[in-house]
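Report on the structure
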Amino acid sequence: QVQLVESGGGLVQPGGSLRLSCAASGNIRSIYDMAWYRQAPGKQRDLVATITYGGNTNYPDSVKDRFTISRDNAKNTVYLQMNRLKPEDTAVYYCNANIKPYGSGGLYNYWGQGTQVTVSS
(Lines give C-alpha, C1' and ligand atoms only; values in the text may rest on other atoms or scores of the structure.)
Protein backbone atom coordinates (compact mmCIF):
# COMPACT_ATOMS: atom_id res chain seq x y z
CA GLN A 1 0.00 0.00 0.00
CA VAL A 2 1.36 3.40 -1.03
CA GLN A 3 -0.04 6.80 -0.13
CA LEU A 4 0.72 10.28 -1.44
CA VAL A 5 -0.44 13.08 0.85
CA GLU A 6 -0.37 16.70 -0.28
CA SER A 7 -0.36 19.73 1.99
CA GLY A 8 0.18 23.48 1.78
CA GLY A 9 -2.75 24.64 -0.29
CA GLY A 10 -4.92 27.59 0.63
CA LEU A 11 -6.09 31.07 -0.30
CA VAL A 12 -3.52 33.61 -1.47
CA GLN A 13 -3.71 37.03 -3.08
CA PRO A 14 -2.50 37.61 -6.64
CA GLY A 15 1.26 38.05 -6.65
CA GLY A 16 1.67 35.94 -3.54
CA SER A 17 3.43 32.64 -2.93
CA LEU A 18 2.60 29.16 -1.68
CA ARG A 19 4.64 26.03 -1.14
CA LEU A 20 3.02 22.65 -1.65
CA SER A 21 4.40 19.42 -0.23
CA CYS A 22 3.66 15.81 -1.09
CA ALA A 23 4.92 12.98 1.09
CA ALA A 24 4.92 9.40 -0.11
CA SER A 25 4.63 6.60 2.44
CA GLY A 26 4.03 2.88 2.64
CA ASN A 27 5.57 0.00 0.75
CA ILE A 28 8.18 1.94 -1.24
CA ARG A 29 11.38 0.53 -2.66
CA SER A 30 12.17 3.32 -5.12
CA ILE A 31 10.52 6.49 -6.37
CA TYR A 32 11.28 7.50 -9.92
CA ASP A 33 9.74 10.51 -11.67
CA MET A 34 7.50 12.75 -9.56
CA ALA A 35 5.19 15.45 -10.80
CA TRP A 36 2.55 18.01 -9.98
CA TYR A 37 -0.66 18.39 -11.96
CA ARG A 38 -3.59 20.75 -11.54
CA GLN A 39 -7.25 20.74 -12.47
CA ALA A 40 -9.51 23.76 -12.54
CA PRO A 41 -13.32 23.35 -12.41
CA GLY A 42 -14.66 22.14 -15.75
CA LYS A 43 -11.19 21.69 -17.23
CA GLN A 44 -8.85 18.80 -17.85
CA ARG A 45 -6.01 17.89 -15.54
CA ASP A 46 -2.82 19.58 -16.74
CA LEU A 47 0.84 18.92 -16.03
CA VAL A 48 2.52 21.64 -13.95
CA ALA A 49 6.01 20.31 -13.29
CA THR A 50 8.07 17.13 -13.36
CA ILE A 51 11.27 16.06 -11.65
CA THR A 52 13.41 12.97 -12.09
CA TYR A 53 15.17 11.10 -9.28
CA GLY A 54 18.35 12.94 -10.22
CA GLY A 55 16.70 16.35 -10.10
CA ASN A 56 16.09 17.17 -13.75
CA THR A 57 12.99 19.35 -14.05
CA ASN A 58 10.54 20.37 -16.73
CA TYR A 59 7.73 22.97 -16.82
CA PRO A 60 5.09 24.17 -19.29
CA ASP A 61 5.43 27.77 -20.41
CA SER A 62 2.42 28.79 -18.28
CA VAL A 63 4.38 28.33 -15.02
CA LYS A 64 8.00 28.48 -16.12
CA ASP A 65 10.03 31.05 -14.12
CA ARG A 66 7.26 31.23 -11.48
CA PHE A 67 7.05 27.66 -10.14
CA THR A 68 9.90 25.47 -8.90
CA ILE A 69 9.66 21.72 -8.26
CA SER A 70 12.13 20.03 -5.94
CA ARG A 71 12.41 16.78 -4.01
CA ASP A 72 14.01 15.28 -0.95
CA ASN A 73 14.71 11.65 -1.79
CA ALA A 74 15.57 10.79 1.80
CA LYS A 75 12.10 11.94 2.89
CA ASN A 76 10.21 10.62 -0.18
CA THR A 77 8.82 14.12 -0.57
CA VAL A 78 8.30 16.45 -3.50
CA TYR A 79 7.67 20.18 -3.24
CA LEU A 80 6.21 22.87 -5.46
CA GLN A 81 7.20 26.46 -4.75
CA MET A 82 4.74 28.78 -6.47
CA ASN A 83 5.60 32.47 -6.79
CA ARG A 84 3.87 35.44 -8.46
CA LEU A 85 0.59 33.54 -8.37
CA LYS A 86 -2.22 34.55 -10.71
CA PRO A 87 -5.98 33.97 -10.49
CA GLU A 88 -5.67 31.53 -13.38
CA ASP A 89 -3.46 29.33 -11.18
CA THR A 90 -6.56 28.53 -9.10
CA ALA A 91 -7.09 24.76 -9.18
CA VAL A 92 -6.82 21.55 -7.24
CA TYR A 93 -3.16 20.51 -7.31
CA TYR A 94 -2.32 16.81 -7.42
CA CYS A 95 0.92 15.00 -6.69
CA ASN A 96 1.91 12.08 -8.93
CA ALA A 97 4.72 9.54 -8.64
CA ASN A 98 6.06 6.42 -10.31
CA ILE A 99 6.94 3.99 -7.54
CA LYS A 100 8.42 0.51 -7.35
CA PRO A 101 7.16 -1.30 -4.25
CA TYR A 102 9.08 -3.96 -2.36
CA GLY A 103 8.21 -7.44 -3.51
CA SER A 104 7.26 -6.38 -7.01
CA GLY A 105 9.18 -6.06 -10.25
CA GLY A 106 6.72 -3.56 -11.59
CA LEU A 107 6.50 0.23 -11.63
CA TYR A 108 3.19 1.72 -10.53
CA ASN A 109 1.71 5.19 -10.89
CA TYR A 110 0.11 6.82 -7.86
CA TRP A 111 -1.90 10.00 -7.25
CA GLY A 112 -2.47 12.09 -4.16
CA GLN A 113 -5.91 13.27 -3.09
CA GLY A 114 -5.30 16.87 -4.16
CA THR A 115 -5.01 20.20 -2.38
CA GLN A 116 -6.96 23.33 -3.29
CA VAL A 117 -5.10 26.47 -4.30
CA THR A 118 -7.19 29.62 -4.68
CA VAL A 119 -5.68 32.87 -5.93
CA SER A 120 -8.04 35.75 -5.29
CA SER A 121 -8.13 39.23 -3.82
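Please refer to the structure higher up on the page.
Described in the following lines is the structure provided in the data block. (Residues numbered from 1 in each chain as written. Predicted model: local features only at pLDDT ≥ 70, side-chain atom pairs only at ≥ 80, totals over all residues. Heavy atoms only, no water.)

Some remarks on the packing of aromatic side chains
As a reminder, the rule being used: Here is the rule: rings of Phe, Tyr and Trp (six-membered ring for Trp) pair when centre to centre is within 6.5 Å. Planes less than 30 degrees apart are stacked, more than 60 are edge-to-face, and the remainder are tilted. Only DSSP runs of H or I reaching four residues or more are called helices, and only runs of E reaching two or more are called strands; each is numbered from the N terminus. Residue exposure (1.4 Å probe, protein chains only): buried if accessible area is under 20% of the type maximum, exposed if over 50%, otherwise partly exposed. We call a charge positioned over a ring when the NZ of a Lys or the CZ of an Arg lies within 6 Å of the ring centre and within 35 degrees of the ring normal.
In the structure shown here, the tally under the stated rule is two aromatic pairs. Taking 6.4 Å as the distance between ring centres and 85 degrees as the angle between the ring planes, the aromatic pair formed by Tyr 94 and Trp 111 counts as edge-to-face. Placement of the pair is Tyr 94 in strand β9 (residues 91-100) and Trp 111 in strand β10 (residues 108-111), with a sequence separation of 17 residues. A residue is classified by how much of its surface remains accessible, and Tyr 94, at 14% relative accessible area, is buried. Given a relative accessible area of 39%, Trp 111 falls into the partly exposed group. In this structure an aromatic cluster arises from ring pairing among Tyr 37, Tyr 94 and Trp 111. Its guanidinium or amino end placed over the ring of Tyr 79, Arg 19 lies 4.1 Å from that ring's centre, counting from NZ or CZ. When the ring centre of Tyr 94 is taken as origin, the NZ or CZ atom of Arg 45, which lies over that ring, is 3.7 Å away.

Here's the deal with the state of the cysteines
Definition in use: Working definition: a disulfide is two cysteine sulfur atoms within 2.5 Å of each other.
Throughout the structure, instances matching the rule amount to one disulfide. Each sulfur in the disulfide pair Cys 22 and Cys 95 lies 2.1 Å from the other. Here the disulfide of Cys 22 and Cys 95 is left-handed, its torsion about the S-S bond being about -80 degrees. Within this pair, whereas Cys 22 is found in strand β3 (residues 18-26), its partner Cys 95 is found in strand β9, the two being separated by 73 residues in sequence. Here Cys 22 matches Cys 95 in class, with each residue buried.

Comments concerning the pairing of strand β4 (residues 30-39)
If a strand is regular, its side chains alternate between the two faces of the sheet. Let me state the cut-off plainly: Pairing between strands requires that DSSP locate at least two bridges from one strand to the other.
Across eight bridges, the pairing between β4 and β9 is antiparallel. Opposite Ile 31, over in β9, you have Ile 99 as the bridge partner. Linking β4 back to strand β5 (residues 45-51) in an antiparallel pair, the connection comprises five residues, with Gly 42 at a positive phi of about 75 degrees.

Some remarks on the pattern of salt bridges
Cut-off, in case you're wondering: In the sections that follow, a salt bridge refers to a side-chain nitrogen of Lys or Arg positioned within 4 Å of a carboxyl oxygen of Asp or Glu.
Considering all chains together, one arrives at three salt bridges under this definition. Of the charged contacts, one joins Lys 64 and Asp 61 as a salt bridge, the two residues approaching to 3.4 Å between their closest N and O atoms. Between Arg 66 and Asp 89 there is a salt bridge, with its nearest N and O atoms 2.7 Å apart. You can see Arg 66 sitting in the loop between β6 (57-58) and β7 (67-72) and its partner Asp 89 sitting in the loop between β8 (77-82) and β9, a full 23 residues away along the chain. Salt bridges linked by common partners bring Arg 38, Arg 66 and Asp 89 together as one network.

Details of the sheet that holds strand β1 (residues 2-7)
For the record, the criterion: In this analysis, axes come from line fits to C-alpha atoms, helices being fitted only over the stretch in contact, and the angle between any two N-to-C directions falls in the range 0 to 180 degrees.
Pairing is antiparallel in the open sheet, where four strands are placed in the order β1-β3-β8-β7. Of all the strands in the sheet, the pair left with one neighbour each is β1 and β7. The sheet shows a mean angle of 15 degrees between the axes of neighbouring strands, taken without regard to direction. Bridge count for β1 against β3 is six bridges, and the pairing is antiparallel. Its bridge partner lying in β3, Leu 4 is registered against Ala 24.

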